[in-house]
Amino acid sequence: MSKGWETPTGYPAGIQQKILSGALNETNKRGSRTRLLRFAPVSTTTTPFVHEYWEEVFLFSGDLTVGNDEHGKGGESFKPNTYACRRPGALHGPFQVGTGCVLMRSITFDPA
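Values in this document were obtained by computation on a predicted structure and should not be read as measured data.

A. Spotlight on the sheet that holds strand S1 (residues 15-25). With respect to topology, five strands assemble into an open sheet ordered S1-S2-S10-S4-S7, the strand pairing being antiparallel. At either margin of the open sheet sits one strand with a lone partner, and together these are S1 and strand S7 (82-86). Strand-to-strand twist of the sheet, defined as the mean angle between neighbouring strand axes without regard to direction, takes the value 10°. In this sheet, strand S10 (residues 101-108) lies alongside strand S4 (residues 54-62) in antiparallel orientation, the contact comprising eight bridges. Bridging across to S10, Glu55 finds its partner in Ile107.

Pasting the structure below:
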C-alpha cells in the first residue's frame, strides 16, 4: 500500500489511484478497470460529473461525503463497508473527505 500511487489526470491534488487490473480505453468506450482511490484528509472536488459506464464502489476506510455543493456543504456521508453501484448516465459527486479514505472502484463500459 505504500508504493504505486499516482494522481489521475484531471483530479485535484490529494486524490491518488493505484490500478489493480483491467484495460480501459475511455476514448473508444471499451474495457474495464479496477483501481484503488485514496483521498487525503480534507480532499474536495467541486463539480459533479455524469458516468458513461457502470461503476461499483466499495469504501474500505475513512469517510466520504457525496453530493456536497461547491463550498463543501450538504451531501450524504458514508462510512466504511459501504457499497454502491451506478449505471451509465448517473450524476455523481462532488466529493468531500474529512479524515481521508480508501475505496475500490471498478468500472465497465457496457458493450451493448
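B. Geometry of the pattern of salt bridges. Per the stated rule, a full pass over the model turns up four salt bridges. With its nearest N and O atoms 2.8 Å apart, the salt bridge here joins Glu52 to Lys29. Of this pair, Glu52 sits in the loop between strand S3 (49-50) and S4 while Lys29 sits in the loop between S1 and strand S2 (30-39); the two residues are 23 residues apart in sequence, bridging distant segments of the chain. Assessed through its relative accessible area of 46%, Glu52 is described here as partly exposed. Its relative accessible area of 37% is what places Lys29 among the partly exposed residues.

How each quantity is defined
- Residues numbered from 1 in each chain as written.
- Predicted model: local features only at pLDDT ≥ 70, side-chain atom pairs only at ≥ 80, totals over all residues.
- Heavy atoms only, no water.
- Pairing = 2+ DSSP bridges.
- Helix = DSSP H or I, 4+ residues; strand = E, 2+ residues; numbered from the N terminus.
- Axes fitted to C-alpha atoms, helices over the stretch in contact; angles between N-to-C directions.
- Salt bridge = Lys/Arg side-chain N within 4 Å of Asp/Glu carboxyl O.
- Buried < 20%, exposed > 50% of the residue type's maximum accessible area, 1.4 Å probe, protein only.

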